[in-house]
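# Examining the three-dimensional arrangement
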Amino acid sequence: MGGFDPIPPPRTLNFLSWWHETTAKGSVRRDLRLSYDTTDGSVTLGLDKKTATLYRLSHLEGKYGPIGPFDLYVGAALEVLGRRLTLKQTAD
């Protein structure tokens, strides 16, 4: 009586981030797509749009342990593969 059923989260939470690196040819934009699987906490990373290389990680470590769905939002700062990134946009 009086309760409600919580809405389950979507299967994946998808975000985009990018940064610029200076190379011998000038500044190059690097893109990253982060997909968080809400069922097991794993993370899939896609680097740059030109390559089809995907990296699957069992988890990402946050400030207080493995990140969870509530740690992921536009503006969140994470350390990914040794680089500090800000999640800049949601993706579908």
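In this report, we go over the structure that sits alongside the text.

Rules and cut-offs
Residues numbered from 1 in each chain as written. Predicted model: local features only at pLDDT ≥ 70, side-chain atom pairs only at ≥ 80, totals over all residues. Heavy atoms only, no water. Helix = DSSP H or I, 4+ residues; strand = E, 2+ residues; numbered from the N terminus. Rg over C-alpha atoms; globule rule 2.2 N^0.38 Å. Pairing = 2+ DSSP bridges. Buried < 20%, exposed > 50% of the residue type's maximum accessible area, 1.4 Å probe, protein only.

Our focus in this paragraph is the overall build of the protein. For the protein, the helix and strand inventory stands at zero helices and nine strands. In sequence order, the protein lays out its α and β elements as β-β-β-β-β-β-β-β-β. The C-alpha radius of gyration of the protein comes to 15 Å, more than 25% above the 12 Å expected for a compact globule of 92 residues. Principal-axis analysis of the C-alpha atoms gives the protein an extent of 65 × 25 × 20 Å.

Pairing in this open sheet of five strands is antiparallel, and the strands run β4-β3-β2-β1-β9 from one edge to the other. Among the strands making up the open sheet, the edge pair consists of β4 (54-57) and β9 (89-90). Taken together, the five bridges between strand β2 (residues 26-37) and strand β3 (residues 43-47) define a ladder with antiparallel strand orientation. Paired with Ser35 across the strands is Thr44, a residue of β3.

Attention now moves to unusual backbone geometry. Unusually for a residue other than glycine, Leu81 sits at a positive phi of about 50°. Among the secondary structure elements, Leu81 is positioned in the loop between β7 (77-80) and β8 (83-86). The class for Leu81 is exposed, based on a relative accessible area of 53%.

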